[in-house]
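These are the residues of each chain, in order.
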Amino acid sequence: VAEGGARDDVIAAALLHDTIEDTPTTPEEIEKNFGREVRTLVEAVSEPKHDASGRELSWRERKEAYFKTLESAPEDALDIVAADKIDNIESKLAAFEIEGPSLFKRWPRPASEYLWYHATALALVLKRIPNHSLTKRLAEVHAHEKEIFS
């Protein structure tokens, strides 16, 4: 996102994008330390772990809830999503070049589910920020991912 000239708040949110999902840090702590805008963006790009009743969501349910939130999230959140998916895909492709098919043993889900996830993210990014440079790059890396992992 920084390469695309994003504001400091967007860059900070991009760096913190997994904080709520992967640590005990709360949205309130993010706001206290980084401001309301960063909190809003980090929350927008965070997957919920539970539904409104407290039931733990499955992998697919978390992803679907994430996409639903992103449909109306600030456009800056889509910049973060695109950059994150580009990084994830490029990391998997680089690992595959080194490890070959043994890489799949480390994946907790089948390749088809990651392809669905990235295709759905791409469709949302294309819909919301079609002319952004990250959108084009995400489309390119996802096409390469499909060639390798389909």
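Scroll up to find the structure.
Throughout what follows, the structure given in this document is the object of discussion. All of these numbers come straight from a predicted model, not from anything done at the bench.

**Overview of the overall build of the protein chain**
1) Next: Per the secondary structure count, the protein chain includes 8 helices and 0 strands.
2) Next: Shown N-terminal to C-terminal, the secondary structure of the protein chain runs as helices and strands in the order α-α-α-α-α-α-α-α.
3) Next: Here the protein chain has a C-alpha radius of gyration of 16 Å; the compact-globule value for 150 residues is 15 Å, and the two agree.
4) Next: Along the longest, intermediate and shortest principal axes, the C-alpha atoms of the protein chain span 45 × 40 × 25 Å.
5) Next: Looking at the protein chain as a whole, 41% of its 150 residues are labelled buried.
6) Next: Here the contacts in the protein chain between residues at least 6 apart in sequence split such that 66% fall between residues at least 24 apart.

**A few points about the packing of aromatic side chains**
To describe a pair of aromatic rings, one takes the distance between the centres and the angle between the planes.
1) Next: Throughout the structure, instances matching the rule amount to 13 aromatic pairs.
2) Next: Look at Tyr-66 and Phe-67: their rings are 5.3 Å apart centre to centre, the planes differ by 55°, and that puts the pair in the tilted class.
3) Next: With relative accessibility at 3%, the residue Tyr-66 sits in the buried group.
4) Next: Ring geometry for Phe-96 and Phe-149: centres 5.4 Å apart, planes at 85°, overall edge-to-face. Of this pair, Phe-96 sits in helix 6 (residues 75-99) while Phe-149 sits in helix 8 (residues 133-149), and the two are 53 residues apart along the sequence.
5) Next: Here Phe-149 falls in the buried class, since its relative accessible area comes to 8%.
6) Next: Taken together, the aromatic side chains of Trp-59, Tyr-66, Phe-67, Phe-96, Phe-104, Trp-107, Tyr-114, Trp-116, Tyr-117 and Phe-149 make up a single cluster linked through ring pairs.
7) Next: Positioned above the aromatic ring of Trp-116, the side-chain terminus of Arg-60 is 3.6 Å from the ring centre.
8) Next: We note Lys-92 situated over the ring of Trp-107; from NZ or CZ to the ring centre the distance is 4.8 Å.

**Details of the nonpolar core**
Looking at soluble globular proteins, one finds that nonpolar side chains tend to be buried together.
1) Next: Of all hydrophobic cores here, the largest spans 41 residues; its most connected members are Val-38, Phe-67, Leu-70, Ala-77, Ile-80, Val-125 and Leu-138.
2) Next: Of all the elements in the fold, those that place two or more residues in this core are helix 1 (8-15), helix 4 (36-44), helix 5 (59-70), helix 6, helix 7 (111-128) and helix 8.
3) Next: If one sorts the elements of this core by residue count, helix 6 sits on top with 9 residues.
4) Next: In contact with Leu-70, not counting residues within four places along its chain, are Ala-44, Val-45, Ala-77, Leu-78, Val-81, Leu-124 and Arg-128.

**Observations regarding the pattern of salt bridges**
1) Next: Evaluated as defined, the whole model comprises 15 salt bridges.
2) Next: Here Arg-36 ties to Glu-31 by a salt bridge, and the two come within 3.2 Å at their closest N and O atoms.
3) Next: Within the structure, one salt-bridge network assembled from shared partners comprises Glu-28, Glu-31, Arg-36, Arg-39 and Glu-43.

Analysis parameters
- Residues numbered from 1 in each chain as written.
- Predicted model: local features only at pLDDT ≥ 70, side-chain atom pairs only at ≥ 80, totals over all residues.
- Heavy atoms only, no water.
- Helix = DSSP H or I, 4+ residues; strand = E, 2+ residues; numbered from the N terminus.
- Rg over C-alpha atoms; globule rule 2.2 N^0.38 Å.
- Buried < 20%, exposed > 50% of the residue type's maximum accessible area, 1.4 Å probe, protein only.
- Contact = heavy atoms within 4.5 Å.
- Phe/Tyr/Trp six-rings, centres within 6.5 Å; stacked < 30°, edge-to-face > 60°.
- Lys NZ or Arg CZ within 6 Å of the ring centre and 35° of its normal.
- Core = buried A, V, L, I, M, F, W, Y, C linked by side-chain atoms within 4.5 Å.
- Salt bridge = Lys/Arg side-chain N within 4 Å of Asp/Glu carboxyl O.

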